[in-house]
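# Tertiary structure, described
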Amino acid sequence: MEPIEFDRRAFLQRGPFAFIQAVLSESSAGNADTTRPPLRPPGAAPEEEFLELCCGVGACAEVCPADAIRLVPGEGDSGTRHPVIVPQEAACIVCEDLACMKACPSGALSLVSVEEIRIGRAQVSPDRCLAWSGTDPGCDYCVDRCPLGSEAIRLERAGGVRGPVVEIGCVGCGVCEYFCPTQPSAIRVYPC
């Protein structure tokens, strides 16, 4: 059996859940969700326009304080790399500087206020959620770590249990998905 690798930084940030998630993801390797459309950085133009405008220099990724922006090859033979956010690897922290938007030289990312950011929207799968399913009624990682607080996600009680409910203020940063201790995450972000 090969040793299981895990991210030391994630372990120090998230504690033993990082190790548990590494073990679980090792057992489900190859089952990644490739059907989910890419999540673009904050301020991204609509997808078609974004792909036309993005020059792929990676200025947005270079300035991201959370190291949440990855450059992936675009479709076709153009060689252009496009920025994406993969919440299970690193989430947007909705930084005060809105650095990625300011750094974009091509206009693929426009400077917008925090209230106007729409990376995507989180969706909870109650059957996998530790709180909603009753497996761990005290689980509140997604709510506790959300950089936007109760405007984006809150706990609600229904049918004798309580669990996370996504609010209209959700910008789709992915922090909830990143910190969710289930594998695959019980809360996932999908583009708007």
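Residues numbered from 1 in each chain as written. Predicted model: local features only at pLDDT ≥ 70, side-chain atom pairs only at ≥ 80, totals over all residues. Heavy atoms only, no water.

## Some remarks on the nonpolar core
Core analysis: the largest hydrophobic core is formed by 48 residues, its most contacted members being I69, M101, L109, I117, A122, I153 and I187. Those elements that provide at least two residues to this core are α4 (59-63), α5 (99-103), α6 (141-145), β5 (161-166), α7 (175-179) and β6 (187-190). Of all the elements, α7 adds the most residues to this core, at four residues. Leave out the neighbours within four places in its chain, and L109 touches P41, P42, G43, A44, F50, C60, C100, M101 and C104. (Core = buried A, V, L, I, M, F, W, Y, C linked by side-chain atoms within 4.5 Å. Buried < 20%, exposed > 50% of the residue type's maximum accessible area, 1.4 Å probe, protein only. Helix = DSSP H or I, 4+ residues; strand = E, 2+ residues; numbered from the N terminus. Contact = heavy atoms within 4.5 Å.)

## Section: the packing of aromatic side chains
Considering all chains together, one arrives at one aromatic pair under this definition. Ring plane angle 90 degrees and centroid distance 5.0 Å describe the contact between Y178 and F179, whose orientation is recorded as edge-to-face. Each of the two residues, Y178 as well as F179, counts as buried. Positioned above the aromatic ring of Y190 is the side chain of R36, whose terminal nitrogen or guanidinium carbon lies 5.6 Å from the ring centre. When the ring centre of F179 is taken as origin, the NZ or CZ atom of R145, which lies over that ring, is 5.0 Å away. (Phe/Tyr/Trp six-rings, centres within 6.5 Å; stacked < 30°, edge-to-face > 60°. Lys NZ or Arg CZ within 6 Å of the ring centre and 35° of its normal.)

## Description of the confidence of the model for the protein
Detail in the predicted coordinates should be disregarded across regions flagged by low pLDDT. Averaged over every residue, the pLDDT of the protein is 86; the share at 70 or more is 81%. Scored below 50 in pLDDT, residues 1-6 shows seven contacts in the model against residues more than four places distant or in partner chains. The low-confidence segment residues 19-32, where pLDDT is below 50, has 16 contacts with residues more than four positions distant or belonging to other chains. (pLDDT = per-residue confidence, 0-100.)

## Some details on unusual backbone geometry
Q183 connects to P184 through a cis peptide bond whose omega is -5 degrees. Positioned with a positive phi, V94 is a non-glycine residue whose angle comes to about 50 degrees. If you trace the backbone, V94 turns up in the loop between β2 (81-85) and α5. Residue V94 is classed as buried on the basis of its relative accessible area of 14%. Non-glycine residue L98 carries a positive phi angle of around 50 degrees. Mapping L98 onto the fold places it in the loop between β2 and α5. L98 sits in the buried class, given a relative accessible area of 13%.

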